[in-house]
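Examination of the molecular architecture
If you want the building blocks of each chain, they are given just below.
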Amino acid sequence: MTTKEILKKVRKIEIKTKRLSDHIFGGEYHSSFKGRGMTFSEVRPYAYGDDVRNIDWNVTARYRTPFVKVFEEERELTMLLAVDISRSEWFGTKTDLKKNMITEIVATLAFSAIQNNDKVGLVLFSNEIELFIPPAKGRTHVLRIIRELVDFHPKKNGTDISNTLKFVYNILKKKAIVFLISDFMDKDYDQTLKIVGRKHDLTGIKVFDPMEKDMPDLGLVLLEDLETGKKKYVDTSNKQIRRVHNATFLKRDDYFKKSFQQAGAGVIRISTQESYIKKLLQYFKQRS
Amino acid sequence: MKGIFEHFEFLNPYYLILLGIVPVLAVWIYINRYNQNAKMLYSNVADFGGFKTIKNKILPLLSLAVLLAISASIIGLARPRSVSVTAKTKKTKGIDIMLAIDVSASMLARDLKPNRLEALKKTAINFIKRRPNDRFGVVLYAGEAFTQVPITSDHRIVMQAVRKINFNQLFNTLDQGTAIGMGLATAINRLKDSKAKSKVVILMTDGVNNTGEIDPLTALELAKQFGIKVYTIGIGTNGYAPTPVALDSRGGFIYRNAKVEIDEKLLQKIADETGGKYFRATDNYELNKIYKSIDKLEKTEIKETKYYNYKELYRPWVLASVLLMFIVGLLRYTWLKSFI
């Protein structure tokens, strides 16, 4: 992909997702990730034009001159997007690859956060941490995040969620909104998830392709594993094989759901043939 | 003579060199076993488990079938065929051989085992057996000569006649002595009207011409005139041999060591002048050798016509090849079909 193409794509994503975050998500996002609003900072003498509702009557009574309470807006939230860029994301049989869908979701979330004056950070991971962009504010920052998503070439192919969670835990000192976006083709991450979930506002977004759930009868198909590169002829006409395939998917899905729920984290599952907007909206509404 | 020899051959054996491609191809197919079909990139192949169906097992067999089909067609290309040869030997007119056998009393001498006559009979029969295309006749002589068997192609009769030579019987009917000239002349007489290409007398004796109306030299002249080759065999060891010298009261022989006297000069002369050869047999082994060398010297031309019947065998190979290819194609596009 040339720089021009990348920029074009980034721009396209920006337009598409920014509109979404402006018009649809703005409010929902804002209300679902509430800070504590305004916190009391100090009192100062009343000046002309101050809102009379903010007068601290106790202090005024004591000093016999009017004082008003000064509030400080609570510090902005930090949003960290941990995105799986392992090779297995390069799969998609419906409208788009999982990877592209993830990019759009991330862009939407990032723009929503910017809209809300939150800081956005990015972690790209495979079976190791591939890239970390520290949380920051601003449109250009978000655009950089999207550009990295579109044109990043991972060094490794696998998926290691536990490792990523440890990294996230280590870099975030304060409570943050963490989105973990992956196909969750991994296991044994429930313990680390619990630890991260205790500290942060964690949401797992699982993106999958319908074919990963239900393999249609394609005859004897030569499959190449995206992550391991192993090739294998699979008889997809065989019912038993399809059943095993489906069961494996469901088992993993179940593990994903259970682990997140146990960690007190939210779960969004999006199939590549569905509209992710609806799913996100639904999730935010349900939270608020 | 009719013989059927069946064997297997390739008309174009050089095509079989192409079979060398097959292992190379096998290796190539093995290396590219995953590159021949369209493949689908999938996120997690392990999800399907390690279960293998019949199709998985049959799939590699297809490659094997292709290799077999190629091999079979190469073999078919080399055109295998079985050849059955029907050989018909034309009986060319062989040579006529007269055996002139000395049956004088001295033939009972025991320097050859059991005696000269018996040893001679045995080797003569072997000789006849070995020459199926020739005609034989037998002349026996002592003091006088007579034809035991005229020239005939019926070897059974000749051999029987030789086997039945019985000294005692002859002893009573024939004059005693050794009439080499008579024996030779009688043999020549039997051969002179023969139309055979080559006429041969094998003259066997163990003594010196001492009786008879025809001188050996006269007989020699006759042989020369009729173009008859005479092989002469002198039988008897060098020096002394137990020889019957007298009859006892019961009619049995009394054996004494007597000096072996063979007119070698005469025999040599007869052989040389007729184009034959003189041999001296001092024992059984030597006698046998002589017959063998005569056998070699007198070659009979045998015309043999061979009929080759070829049976082409490429059909099953080609058929197998086509069938295998058909099955492979059929399976690949039906049962083992991939929809990607």
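Residue numbers run consecutively from 1 along every chain, following the written order of its sequence. Here chains are named by letter from A upward and ligands by number from 1 upward, in the order in which they appear as written. Two thresholds apply to this predicted model, a pLDDT of at least 70 for residue-level local features and 80 or more for giving and counting side-chain atom pairs, whereas whole-chain, interface and lining totals are computed over all residues.

A few words on the overall build of chain B. Within chain B, the secondary structure is distributed over 10 helices and 12 strands. Buried positions account for 34% of the 340 residues belonging to chain B. Comment: elements are numbered from the N terminus, with helices defined as DSSP H or I runs of at least four residues and strands as E runs of at least two. Burial is judged by counting the other C-beta atoms within 10 Å of a residue's own C-beta: 20 or more makes it buried, 12 or fewer makes it exposed, and any count in between marks it as partly exposed, with every C-beta position built from the backbone.

Secondary structure assignment for chain A yields 9 helices and 10 strands. Out of the 288 residues in chain A, the part that is buried amounts to 39%. Residue pairs are scored as contacts if the distance between their C-beta atoms, which are placed from the backbone, is within 7 Å. Summarising the internal contacts of chain A: among those between residues at least 6 apart in sequence, 75% fall at separations of at least 24.

What follows deals with the sheet that holds strand 8 (residues 220-225) of chain A. Note on pairing: DSSP must find at least two bridges between two strands before they are called paired. Pairing within the open sheet is mixed, and its 3 strands lie in the order 9(A)-8(A)-2(B). Bordering the open sheet on either side are strand 9 (231-235) of chain A together with strand 2 (39-42) of chain B, each of which pairs with just one other strand. Each strand axis lies, on average, 40° off the axis of its neighbour in the sheet, ignoring direction. As paired strands, strand 8 of chain A and strand 2 of chain B are joined by 4 bridges and run parallel to one another. Note on strand 2 of chain B: the bridge partner recorded for Glu224(A) is Leu41(B). Here an axis means a line fitted to C-alpha atoms, over the contact stretch when the element is a helix, while the angle between two N-to-C directions is reported on a 0 to 180 degree scale. Against the sheet, helix 2 (residues 54-77) of chain B touches strand 8 and strand 9 of chain A, its axis set at about 125° to strand 9 of chain A.

What makes a nonpolar core is a set of buried Ala, Val, Leu, Ile, Met, Phe, Trp, Tyr and Cys residues, with links drawn between C-beta atoms within 7 Å. In this structure, Ala100(B), Leu184(B), Ile188(B), Val201(B) and Ile202(B) are the most contacted members of the largest nonpolar core, which totals 64 residues. The element best represented in this core is helix 6 (residues 180-191) of chain B, accounting for 7 residues. Residues Ile177(A), Ile181(A), Phe260(A) and Ala265(A) belong to the second largest nonpolar core, which totals 50 residues.

Attention now moves to the sheet that holds strand 8 (residues 228-235) of chain B. Residues and elements named next belong to chain B. Reading across the sheet, the 6 strands line up as 6-5-4-7-8-11 and stay open at both edges, with mixed pairing between neighbours. Bordering the open sheet on either side are strand 6 (145-152) and strand 11 (278-281), each of which pairs with just one other strand. Across the sheet, the axes of successive neighbouring strands diverge by a mean angle of 15°, strand direction being ignored. Where strand 5 (residues 135-141) meets strand 6, 5 bridges bridge the pair, whose relative direction is antiparallel. Paired with phenylalanine 136 across the bridge in strand 6 is threonine 152. Along the sheet, helix 6 makes contact with strand 4 (96-102), strand 5, strand 6, strand 7 (199-205) and strand 8, crossing strand 6 at roughly 30°. Relative to strand 8, helix 8 (residues 264-274) is tilted by about 155°, and along the sheet it contacts strand 8 and strand 11.

What follows deals with unusual backbone geometry. Even without a glycine there, the phi angle at Phe184(A) is positive, about 55°. Residue position: Phe184(A) is located in the loop between strand 6 (177-182) and helix 6 (190-199). The residue Arg79(B) is not glycine, and still its phi comes out positive at about 50°. Checked against the element boundaries, Arg79(B) lands in the loop between helix 2 and strand 3 (80-90). Classification of Arg79(B) as partly exposed rests on a count of 17 C-beta atoms within 10 Å.

This part takes up helix 4 (residues 139-151) of chain A. Given a rise of 1.5 Å per residue, 13 residues ought to cover 18 Å, and the 18 Å separating the end C-alpha atoms of helix 4 of chain A matches this to within 8%. Taken as a whole, helix 4 of chain A has its buried residues at Val142(A), Ile145(A), Ile146(A), Glu148(A), Leu149(A) and Val150(A). What a helix should span is 1.5 Å times the count of its residues minus one.

A few words now on the confidence of the model for chain B. Here chain B averages 83 in pLDDT, while 94% of its residues score no lower than 70. Confidence metrics for the complex model read pTM 0.57 and ipTM 0.72. pLDDT: the predictor's confidence for each residue, scored from 0 to 100.

A separate point is the packing of helix 6 of chain A against helix 8 (residues 239-262) of chain A. Describing two packed helices takes the angle between their axes plus the distance from one axis to the other. All names here are of chain A. Between helix 6 and helix 8, the shortest axis-to-axis distance is 8 Å and the interhelical angle comes to 35°. Along this stretch, helix 6 crosses helix 8, giving a crossing that reads as right-handed. Between helix 6, through Asp190, Leu193 and Lys194, and helix 8, the contact on the second element is made entirely by Ser259, Phe260 and Gln262. Classifying every residue of the contact of helix 6 with helix 8 gives 2 nonpolar, 2 polar and 2 charged. The handedness criterion is simple: a crossing whose near helix is rotated anticlockwise from the far helix by less than a right angle is left-handed, and one whose near helix is rotated clockwise is right-handed. In this classification, the charged set is Asp, Glu, Lys and Arg, the nonpolar set is Ala, Val, Leu, Ile, Met, Phe, Trp, Tyr, Cys and Pro, and all remaining amino acids, among them Gly, are polar.

This next bit is on the pairing of strand 4 of chain B. Residues and elements named next belong to chain B. Counting buried positions along strand 4 yields 7 of 7 residues, so the element is predominantly enclosed. Burial along strand 4 is two-sided: Asp96, Met98, Ala100 and Asp102 and Ile97, Leu99 and Ile101, pointing in opposite directions, are all buried. By the bridge criterion, 7 bridges tie strand 4 to strand 5 in an arrangement that is parallel. Looking at strand 5, one finds that isoleucine 97 is bridged to phenylalanine 136. Seen with its strands pointing away from the viewer, a crossover is right-handed if its path from the first strand over the helix to the second goes clockwise. Traced from strand 4 through helix 3 (residues 116-130) to strand 5, the parallel crossover comes out right-handed. Bridging between strand 4 and strand 7 involves 6 bridges; their strand directions are parallel. Across the sheet, residue alanine 100 finds its bridge partner in strand 7, namely leucine 203.

Attention now goes to the packing of helix 1 (residues 21-31) of chain B against helix 2 of chain B. Residue and element names in this part refer to chain B. Orientation of helix 1 relative to helix 2, taken along the N-to-C sense of each, is 160°, at an axis distance of 10 Å. Viewed along their axes, helix 1 and helix 2 adopt a mutual orientation that is roughly antiparallel. Handedness of the helix 1/helix 2 crossing: right-handed. Of helix 2, the residues touching helix 1 (which contributes Val22, Leu25, Ala26 and Ile29) are Ser63, Leu67, Ile70 and Ser71. Roughly parallel covers angles under 35 degrees, roughly antiparallel covers those over 145, roughly perpendicular covers 65 to 115, and oblique covers all other angles.

With that out of the way, let us pick up the environment of Ala265(A). Residue and element names in this part refer to chain A. Along the chain, alanine 265 turns up in the loop between helix 8 and strand 10 (266-271). The exposure class assigned to alanine 265 is buried, which follows from the 20 C-beta atoms found within 10 Å. Here the alpha-carbon distance between alanine 265 and arginine 198, two residues 67 residues apart in the chain, equals 8.7 Å. When neighbours within four sequence positions are excluded, alanine 265 is seen to be in contact with Leu193, Gly197, Leu202, Thr203, Gly204 and Phe260.

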